[in-house]
Amino acid sequence: MGKAFNNDEAPIDVAVIGGGPAGLSAATTLKQAGIARVVVFEREPEAGGIPRHCGHYPFGMREFKWPLKGPAYAAKLVARAKRAGVEFSLNTSVVEANRSGLLRVVTSAGPKSLSAKRVIYATGVRETPRSARLVSGPRVQGVLNTGALQSMVYLEGRRPFKRPVIIGTELVAFSAIMTCAHAGMKPVAMIEQNTSVTARWPTALFPWINNIPLLMETKLVEIKGGDRVREIVVRNGKGETRTIECDGVILTGQFVPEASLGRMGHIKVDPATRGPSVDQWGRCSDPTYFATGNLLRPVETAGRSWQEGKQTGLWVAADLAGKLPHYEQKAHPVRVEPTLIYAMPQRIYRNNLDAQDVAGMTHVQLRVVKPIKGELIASIGEHVIWRKNISAKPERRIEVPIAELDTSTSSNNQGEIVFSLVSQA
Amino acid sequence: MNFQMEKSPSQGMLSNDVCDVLIIGAGVVGCAMARRFTLEGARVAILEKATDILDGASKANSAILHTGFDAPPGSIELACIREGYREYQEIYKGMGLVKEDCGAHVVAWSSNEVDNLEGIHAQAHENGVMDVRLISAKQLQNAEPNLSTKALAAIAVPRESIIDPWSAPYAYLAQAQKNGAEVFLSAGVSGGKFDSGIWTLSTTRGTIKAKHVINCAGLYGDLVEEAVLGEANFQITPRKGQFVVFDKAASKLVNSVILPVPTSRTIGIVVFRTVFGNLAVGPTAEDQQSRCDASVDEDAVKALIADGIAKIPDLKDMPITALYAGLRPASELKEYRILPQAKKNWISVGGIRSTGLSGALGIAQHVFKLYQKMGLKHKKLKNPMVPIANVLAEKAHRDWQRKDHGDIICHCEMVSEREIKRALEEPLPARSLAGLKRQTRVTMGRCQGFYCTARLAELTKDHFETPLSEKI
């Protein structure tokens with residue numbers, strides 16, 4: 001059975017920072033692979049991550065073959081980790097992560113130092129706040145991200161407003177609609193800057209079902225009010241502005257990896273994904289550190305993060321057994337041209353791709369900003385090493401099989417692989 | 001029935017006693033004023049119209065403690081900044097405050113600006129700031145390796161410092177309060193009469209009597225005088241300054257405060273670290289009529305970001321943490337408007353445009369001297385109490401590093417449950433989210449409340465005038 005973390009016991013093999021779906025599944029997998037001490041450090045009073053405050057369906061289809069509400073799903077993941085023997089250090093903030101797996105953590109008892117043979121960053125993503133969206137207007141109460149709204153509603157039983165406007169149409173925006181319905185809030189409009197809803201059908205039917213006006217090609221330009229939000233100003237595709245009366249604004253999506261610990265420390269952060277720069281095993285620029293789940297790139301579902309955590313668990317176990325290629329070995333850096341926003345992993349090795357437990361990620365993940373049809377090309381220098389016609393949308397990851405990338409043109413095994421997507425009229 | 005109601009800073013009736021000195025406005029100048037007059041032995045009361053102190057011009061600035069190297073020679077402003085700097089230097093450690101001597105560089109980006117450096121250098125020496133010196137582009141690059149190579153030359157100002165712009169005035173007022181001053185919040189002044197040497201001011205919380213009044217009402221200073229005196233000694237035109245705060249990771253990109261070569265109108269856009277570990281760029285300078293609308297504007301903010309990146313190219317990959325705007329109480333003249341009216345027992349302290357934080361302690365001394373010149377005397381406190389401020393600076397020993405702080409509520413700024421609970425208590429309770437932020441830094445970090453707003457809504461539920469939430 002699982003137990004609380006005790007600092008005085010044997011050295012830690014793997015420290016997992018963050019107890020969401022990815023971190024929990026990585027930790028569970030490591031225990032199942034026979035690793036002695038695996039500790040999850042979670043700064044909240046309970047592990048489970050974002051699903052803890054998503055009090056609605058459907059979670060867990062992949063993991064439990066059955067639709068669950070977020071909190072039940074989170075609880076099941078935690079129970080499974082405990083059964084596997086994962087130790088938990090709750091209410092624990094990791095404030096520094098240094099070389100050699102040296103961590104500085106803080107609990108209410110004060111700070112302390114400890115070390116682990118490997119560290120897995122699984123700190124997830126958060127939504128872009130108002131400030132980083134550069135929305136004009138005075139600072140007023142009642143402007144929240146979905147995450148803050150949901151923890152207020154589902155964890156504290158409170159609501160910040162009654163007639164909000166929902167900004168954005170990613171999947172999480174529809175989660176916001178469900179949260180509003182649960183807490184007696186009546187959204188007055190849902191606003192999307194692009195020409196189509198970002199989330200896939202049939203979620204897009206949600207505003208219609210809930211009788212919420214959906215304004216397409218509309219941008220939030222200003223928030224107005226005194227102490228609280230009074231109205232917002234929006235601009236449509238024709239450049240016309242109008243005001244919408246409301247008492248709150250829910251800023252949904254535009255997820256960014258929560259990579260501050262790495263950014264403040266010694267880990268290289270990729271300006272494109274805004275997560276740690278990793279190789280195909282999720283190893284960071286300091287190979288003692290791995291990253292997994294949504295921290296790698298925005299944003300996938302809890303189920304997908306759980307799946308990634310599981311793989312990371314296998315790779316870290318393999319690394320502890322000395323089976324991964326040495327980090328210093330030559331690798332191909334990966335980068336994207338504009339129209340694509342990021343590529344992950346950012347380093348690819350072409351050797352040691354055989355055994356299942358050390359194969360690493362099988363695909364490079366790419367994303368676009370706007371819907372685009374065209375030819376996706378991978379090249380090293382002048383040489384095109386892979387090409388394919390695709391139709392891409394921002395909500396869909398593009399996956400390129402690493403095995404199909406012909407790197408033989410790169411004589412030294414370290415030529416930069418550049419992905420570009422050229423639009424076809 | 002004979003019982004005495006306990007006087008509260010935030011509610012109920014005002015004092016019935018006649019105080020020696022009544023200060024209008026609890027901005028940084030009012031707070032320093034309350035401290036000085038209390039220490040000098042006067043019976044002080046201070047009125048603030050907002051729910052929390054520091055809610056006007058003092059809520060947003062660049063948090064720099066200036067040496068006065070670039071202040072107008074011979075001005076009251078210069079004298080106050082120099083004296084303010086000196087006194088802060090003398091008292092800050094004992095009060096638990098911080099001061100980081102990061103220095104500043106006035107950087108020239110064009111040949112015209114290079115030509116102006118000589119004059120600034122001469123002015124600094126005329127102002128008595130003798131350690132200011134001209135340096136070459138190469139020396140500048142050594143001091144600031146991440147600065148754009150387009151910088152041509154600079155002036156080094158070694159003693160320009162950064163401080164906590166909220167903890168300092170909180171500490172000033174806390175010391176006044178601890179030594180007998182009375183603080184009345186939510187008490188806006190609406191009028192008054194002067195009769196037989198006694199002022200009776202009417203406020204939103206009833207009337208209050210005083211022998212002398214010091215008007216430190218900042219952005220509302222002229223309006224207060226129109227309401228009470230019938231006419232104002234000066235006129236305020238608010239000047240808005242917008243700022244962009246970058247992620248803490250950006251703070252390692254600069255060592256000192258990067259100042260531009262000023263124009264005749266404004267000091268220009270500054271790149272500065274804060275004691276909280278951020279890097280900020282600003283302010284803009286926009287005259288406006290509104291005295292309360294501190295809106296940010298997308299285009300202005302984008303221009304600030306571009307300006308920051310032009311100066312520090314590596315800023316381009318740094319996330320934005322926050323945007324804010326402040327309103328400076330500019331008057332029709334550049335000089336401070338410190339105007340005593342001996343016959344009316346009234347002293348106007350207006351037009352403290354943009355150096356209020358640096359000048360506050362010096363302004364308070366200056367005003368006390370004017371007060372003495374009116375022939376007024378008190379018995380100076382012998383052993384005044386010195387309350388210790390809660391330290392919020394990134395590099396200081398913070399509450400979360402001590403035992404039994406409870407949970408960490410705000411993980412970005414490492415604000416503990418204990419700090420929040422204390423800030424909500426007397427004697428200067430936070431009664432708005434803005435006030436709580438200034439006292440604790442909660443929600444001011446990179447996630448801007450994504451993780452902690454829910455807990456905060458619960459913790460503050462019976463404390464704020466405008467609650468964060470209601471029960472479902």
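Residues numbered from 1 in each chain as written. Chains lettered and ligands numbered in written order. Predicted model: local features only at pLDDT ≥ 70, side-chain atom pairs only at ≥ 80, totals over all residues. Heavy atoms only, no water.

Asks: Explain the nonpolar core here, please?
Replies: It is characteristic of soluble globular proteins that their nonpolar side chains tend to be buried jointly. All names here are of chain B. Membership of the largest hydrophobic core comes to 89 residues, with the highest contact counts inside it found for Met33, Phe37, Tyr172, Ile214, Val349 and Ile363. Counting residues per element, this core draws most heavily on helix α8 (residues 356–373), which supplies nine residues. Contacts of Ile363, omitting those with residues within four sequence positions, involve Val29, Met33, Cys80, Tyr336, Ile338, Val349 and Ile352. (Core = buried A, V, L, I, M, F, W, Y, C linked by side-chain atoms within 4.5 Å. Buried < 20%, exposed > 50% of the residue type's maximum accessible area, 1.4 Å probe, protein only. Helix = DSSP H or I, 4+ residues; strand = E, 2+ residues; numbered from the N terminus. Contact = heavy atoms within 4.5 Å.)

Asks: Explain the interface of chain B and chain A to me, please; I cannot follow it from the model alone.
Replies: Reports often express the size of an interface as the amount of accessible area lost when the parts come together. Opposite the 52 residues of chain B that make contact, chain A presents 49 residues. The largest contributions to the chain B side of the interface with chain A come from Phe450(B), Tyr451(B) and Ile472(B), which together make up 18% of the buried area. On inspection of chain B and its partner chain A, the count reaches three salt bridges. Ionic pairing is found between Glu298(B) and Lys219(A), a salt bridge with its closest N-O pair at 3.4 Å. For the pair chain B and chain A, the interface holds 18 residue pairs in polar contact (both at pLDDT 80 or more). Contributing elements (two or more residues each) for the side of chain B that touches chain A: α7 (298–311), β17 (320–331), α10 (433–440), α11 (453–459) and β22 (470–471) of chain B. Here the residues of the side of chain B that touches chain A sort into 22 nonpolar, 11 polar and 19 charged. (Buried area = accessible area lost by both parts, 1.4 Å probe. Salt bridge = Lys/Arg side-chain N within 4 Å of Asp/Glu carboxyl O. Polar contact = N/O pair within 3.5 Å; in protein donor to acceptor, adjacent residues only side chain to side chain. Nonpolar A, V, L, I, M, F, W, Y, C, P; charged D, E, K, R; others polar.)

Asks: Would you take a moment to explain the domain arrangement of chain A for this structure?
Replies: Partitioning chain A into structural domains gives domain 1 (12–126 + 256–320), domain 2 (129–253) and domain 3 (332–423). Taking only C-alpha atoms into account, the centre of domain 2 of chain A sits 35 Å from that of domain 3 of chain A. (Domains from an automatic or database assignment.)

Asks: Can you help me understand the sheet that holds strand β11 (residues 189–191) of chain A in this one?
Replies: Backbone-to-backbone hydrogen bonds pair the strands of a sheet. The strands run either parallel or antiparallel. Residue and element names in this part refer to chain A. Spatial strand order, β8-β16-β10-β11-β12: five strands in an open sheet with parallel pairing. Only two strands of the sheet have a single partner each, and these edge strands are β8 (143–145) and β12 (214–215). Contacts from helix α5 (residues 146–156) reach β8 and β16 (248–251), with the element oriented near 90° to β8. (Pairing = 2+ DSSP bridges. Axes fitted to C-alpha atoms, helices over the stretch in contact; angles between N-to-C directions.)

Asks: Would you mind going over the pattern of salt bridges with me for this structure?
Replies: As a working rule, side chains carrying opposite charge can pair if their charged atoms are close by. Taken as a whole and assessed by the stated rule, the structure comprises 47 salt bridges over all chains. One salt bridge connects Glu87(A) with Arg37(A), and the closest N-O pair in it is separated by 2.6 Å. Remark: Arg37(A) occurs in the loop between α1 (21–32) and β2 (38–41) and Glu87(A) occurs in strand β3 (residues 87–89); sequence separation between them is 50 residues. Judged on exposure class, the residue Glu87(A) and its partner Arg37(A) are both buried. Here Glu40(B) and Arg36(B) are joined by a salt bridge, their closest N and O atoms 2.8 Å apart. For the residue pair Glu40(B) and Arg36(B), the accessibility class agrees, reading buried in each case. Residues participating in the shared-partner salt-bridge network are Arg35(B), Arg36(B), Glu40(B), Glu87(B) and Lys380(B).

Asks: Help me understand the packing of α1(A) against helix α3 (residues 70–84) of chain A, please; the structure alone is not making it clear to me.
Replies: For any two helices packed against each other, one specifies the inter-axial angle together with the distance between the axes. All names here are of chain A. Two elements in contact, α1 and α3, have axes whose closest approach is 9 Å; the angle formed by their N-to-C orientations is 20°. Classified by the angle their axes make, α1 and α3 are roughly parallel. The two elements α1 and α3 meet at a crossing, and its hand is left-handed. When α1 is examined against α3, the residues Pro21, Leu24, Thr28, Lys31 and Gln32 are found in contact with a partner set consisting of Tyr73, Leu77, Val78, Arg80, Ala81 and Ala84. When grouped by side-chain class, the residues that make up the contact of α1 with α3 number seven nonpolar, two polar and two charged. (Parallel < 35°, antiparallel > 145°, perpendicular 65-115°, else oblique. Left-handed = near helix turned anticlockwise from the far one by under 90°.)

Asks: What should I look at first to understand the pairing of strand β13 (residues 257–260) of chain B in this one?
Replies: It is a general feature of regular strands that their side chains alternate between the two faces of the sheet. Residue and element names in this part refer to chain B. Burial of the side chains of β13 extends over both faces: Val257 and Leu259 are buried on one face and Ile258 and Pro260 on the other. Here strand β4 (residues 104–108) pairs with β13 via four bridges, running parallel. Bridge pairing in β13 places Val107 opposite Pro260.

Asks: Would you take a moment to explain the environment of Val254(B) for this structure?
Replies: All names here are of chain B. As for its placement among the helices and strands, Val254 is situated in the loop between β12 (236–246) and β13. Residue class for Val254 comes out buried when judged on its relative accessible area of 2%. Excluding residues that lie within four positions of it along the chain, Val254 makes contacts with Glu144, Val271, Arg273, Leu279 and Ile312.

Asks: Looking at this structure, I do not really get a nonpolar patch on the surface. What am I missing?
Replies: Residues and elements named next belong to chain A. A surface patch of nonpolar side chains, about 380 Å² in accessible area, is lined by Leu205, Trp208 and Ile209. Considering the arrangement of structural elements, one finds Trp208 in helix α7 (residues 206–209). Under the relative-accessibility criterion, Trp208 is labelled exposed at 68%. (Patch = residues over 30% accessible without salt bridge, like charges linked within 9 Å, V, L, I, M, F, W, Y side chains within 5 Å. Areas by Shrake-Rupley, 256 points an atom, 1.4 Å probe, with all protein chains shown as cover.)

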